[in-house]
Amino acid sequence: QVQLVESGGGLVQDGGSLRLSCAASGRTFSAYVMGWFRQAPGKEREFVAAINRSGTWTNYADSVKGRFTISRDNAKSTVYLQMNSLKPEDTAVYYCAATLVATITRGSYRNWGQGTQVTVSS
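This structure is a prediction, so every number in the text was calculated from the model and none was measured.

Quick look at the pattern of salt bridges
- Applying the stated criterion across every chain yields a total of four salt bridges.
- Among the salt bridges present, the one from Arg 38 reaches Glu 46, with a minimum N-O distance of 2.7 Å.
- On the accessibility criterion, Glu 46 (36% relative accessible area) is partly exposed.
- A salt bridge links Arg 67 to Asp 90, with the nearest nitrogen and oxygen atoms 2.8 Å apart. On the criterion of sequence distance, the pair formed by Arg 67 in the loop between strand E6 (58-60) and strand E7 (68-73) and Asp 90 in the loop between strand E8 (78-83) and strand E9 (92-99) is long-range, its members being 23 residues apart. Comparing Arg 67 with Asp 90, the two get one shared label, buried.
- Because the salt bridges share partners, they merge into one network encompassing Arg 38, Glu 46, Arg 67 and Asp 90.

Details of the pairing of E9
- Counted residue by residue, E9 has seven buried out of eight residues, so it is predominantly covered.
- Examined bridge by bridge, strand E4 (residues 33-39) and E9 share seven bridges and lie antiparallel to one another. The residue bridging Met 34 from the neighbouring strand is Ala 98, located in E9.
- In terms of strand pairing, E9 meets strand E11 (residues 116-121) through three bridges, oriented antiparallel. Paired with Tyr 94 across the bridge in E11 is Thr 116.
- Sheet topology places E9 next to strand E10 (residues 111-112); two bridges connect them, and they run antiparallel. Bridge assignment links Ala 97 to a residue of E10, and that residue is Trp 112.

Some thoughts on the packing of aromatic side chains
- Per the stated rule, a full pass over the model turns up five aromatic pairs.
- With centroids separated by 5.7 Å and ring planes inclined at 75°, the aromatic side chains of Phe 37 and Phe 47 adopt a geometry described as edge-to-face. In this pair, Phe 37 sits in strand E4 while Phe 47 sits in strand E5 (residues 46-51), placing the two residues 10 residues apart along the sequence.
- Of the residues examined, Phe 37 reaches a relative accessible area of 1% and is grouped as buried.
- On the basis of an interplanar angle of 80° and a centroid distance of 6.4 Å, the ring pair of Tyr 95 and Trp 112 is categorised as edge-to-face. Taken together, the residues span a long stretch of sequence, with Tyr 95 in strand E9 and Trp 112 in strand E10 at a distance of 17 residues.
- What makes Tyr 95 buried here is its relative accessible area of 13%.
- By way of ring pairs, the aromatic residues Phe 37, Phe 47, Tyr 95, Tyr 109 and Trp 112 are connected into one cluster.
- One cation-aromatic arrangement involves Arg 45 over Trp 112; the distance from NZ or CZ to the ring centre is 4.9 Å.

Thresholds applied
Residues numbered from 1 in each chain as written. Predicted model: local features only at pLDDT ≥ 70, side-chain atom pairs only at ≥ 80, totals over all residues. Heavy atoms only, no water. Salt bridge = Lys/Arg side-chain N within 4 Å of Asp/Glu carboxyl O. Buried < 20%, exposed > 50% of the residue type's maximum accessible area, 1.4 Å probe, protein only. Helix = DSSP H or I, 4+ residues; strand = E, 2+ residues; numbered from the N terminus. Pairing = 2+ DSSP bridges. Phe/Tyr/Trp six-rings, centres within 6.5 Å; stacked < 30°, edge-to-face > 60°. Lys NZ or Arg CZ within 6 Å of the ring centre and 35° of its normal.

Right, here's the structure in full:
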């Protein structure tokens, strides 16, 4: 098992930027594919971005392509989500998650953080 703790959320204005971090502990971080998901009030949790073990493969939801960037630092056991040009519709609780296969399917991710709130004001 790997334990995940997100940080970096907050309140930002339309067009602003935030960088989320997810620190992992427990099992070897570099063994995991990492993903970011988000859940807005009244909506299902949705995929945002994923990155493979070496960082050579990334995948993004269409709604965030060109604005968000996922990266990882295996030496620090941390995955990041740089979010630029934020919009009010990006408001959600953001979760990081870990899996052993390169996938964007939510059900394949077995380890989850507690989430961090991102609020974008108009």
